[in-house]
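Here is how the chains run, residue by residue.
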Amino acid sequence: MVDSRFDLTGKVAIVTGGAGGIGSATARLLASYGAKVLITDINQASLDAAQEMFKSENLDVVGYLTDSSDEKQSVAFFNKVEQLHGTADILVNNAYQGIHSPPHQTSLDEWNRVITTSLTGYFLYAREFANRLIAAKRSGQIVNISSIAGSSALGRGNFAYSAAKGGVNQLTRELAIEWARSKIRVNAIQPCSVNTPGWRRWIDSEGERGEQIVANLVSGIPLGRVAEPTDIASAVHFLVSDASAMVTGVILPVDGGNLVLNAGGTIGNYSG
Ligand SMILES: NC(=O)c1ccc[n+]([C@@H]2O[C@H](COP(=O)([O-])OP(=O)(O)OC[C@H]3O[C@@H](n4cnc5c(N)ncnc54)[C@H](O)[C@@H]3O)[C@@H](O)[C@H]2O)c1
């Protein structure tokens, strides 16, 4: 028997950075379960390509060019959503910008670019989303895409990204408590490396070292592979569906066991 709690028919879902790897996999899955999905992005070409793809798959996904780190644009976007589609039921905060820069050589502008998109934008969208739901006395779900970098250090110049993701984890816990009695659930997902076009570009840019980096990353993942975008999308689907009705304030690793493996631990080796 199919569990109807996973059905999203009649729901309006917003996915920020929805033209990217994890965002578009999430939009596809939520739309295939019946939601109308509104994806936002700052990259017009990627948005056009994503919309074209979703149209060919007969999925109800609409693209919006808007910057989620900008307060004015974010408020205007939510006003437009309200007008055109009604109050949104689901928010997936997913847009991000990263950095690979030594901390002692990083400018304030670079730090701010990462933090405003990867943390401040999550707050702005959560605020605008919850504001309207609370006024309408309606329930809703927020999923914040964090990273294992929110709980452990990556090195390689990721410090500003990690600081943003640590902030996302704590923002998730606080908002879950603040809005629980308003029936707005707030959860987060912490992926390990995910095989998205962006992640692949980073690996390829490392040239011959690339495959060594992948082997190193996988050696820390007990399940023995990096994640696929659909692995993350499935967890989002669970957390925005009624199947997770008693789940809020959770920071869920979707990381093949990466976070639970101690750096000195070994996988499946009983000799030492
Ligand atoms: N790919 C990974 O290995 C990995 C691992 C852990 C966590 N994550 C997290 O997953 C999420 C998605 O990552 P991805 O790999 O799919 O990234 P991606 O680069 O494929 O997509 C991100 C999208 O966000 C858009 N974007 C950037 N700034 C924006 C802004 N201010 N407003 C609106 N859109 C904006 C980009 O144009 C891009 O299309 C991020 O939060 C990232 O931190 C990814």
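Residues numbered from 1 in each chain as written. Predicted model: local features only at pLDDT ≥ 70, side-chain atom pairs only at ≥ 80, totals over all residues.

### Some remarks on the site of the ligand
By nearness alone, 30 residues border the ligand, and Gly17, Gly20, Gly21, Ile22 and Gly198 come closest of all. Of all the secondary structure elements, the ones that give two or more residues to the shell around the ligand are helix H1 (21-32), strand S2 (36-41), helix H4 (108-136) and helix H6 (197-205). Partitioned by chemical class, the residues of the shell around the ligand number 10 nonpolar, 18 polar and 2 charged. Viewed by domain, the shell around the ligand spans two of them, domain 1 (4-192 + 229-254) and domain 2 (195-226), each represented by three or more residues. (Near = placed C-beta within 6 Å. Helix = DSSP H or I, 4+ residues; strand = E, 2+ residues; numbered from the N terminus. Nonpolar A, V, L, I, M, F, W, Y, C, P; charged D, E, K, R; others polar. Domains from an automatic or database assignment.)

### Side note on the sheet that holds strand S3 (residues 61-65)
Pairing within the open sheet is parallel, and its 7 strands lie in the order S3-S2-S1-S4-S5-S6-S7. Because the sheet does not close on itself, it has two edges, and the strands there are S3 and strand S7 (251-254). Put simply, the sheet's adjacent strands are angled 20 degrees from each other on average, direction ignored. In the sheet, strand S5 (residues 140-145) pairs with strand S6 (residues 184-191) via 6 bridges, with the strands oriented parallel. Within S6, the position partnered with asparagine 144 by the bridge is alanine 188. The strands touched by helix H3 (residues 71-85) within the sheet are strand S1 (12-16), S2 and S3, with S2 carrying the most contacts at an inclination of about 155 degrees. (Pairing = 2+ DSSP bridges. Axes fitted to C-alpha atoms, helices over the stretch in contact; angles between N-to-C directions. Contact = placed C-beta atoms within 7 Å.)

### Some words on unusual backbone geometry
Positive phi, close to 55 degrees, is recorded for lysine 137, a residue that is not glycine. Tracing the backbone shows lysine 137 in the loop between H4 and S5. Its identity is not glycine, yet arginine 156 carries a phi of approximately 55 degrees, on the positive side.

### Some thoughts on the packing of H3 against H4
A pair of packed helices can be characterised by two numbers: the angle between their axes and the separation between those axes. In the contact formed by H3 and H4, the axes pass within 10 Å of each other and the chain directions differ by 35 degrees. For the pair H3 and H4, the crossing hand works out as right-handed. Between H3, through Glu71, Ser74, Val75, Phe78 and Glu82, and H4, the contact on the second element is made entirely by Leu124, Tyr125, Glu128 and Arg132. Looking at the contact of H3 with H4 residue by residue, the class counts come to 4 nonpolar, 1 polar and 4 charged. (Left-handed = near helix turned anticlockwise from the far one by under 90°.)

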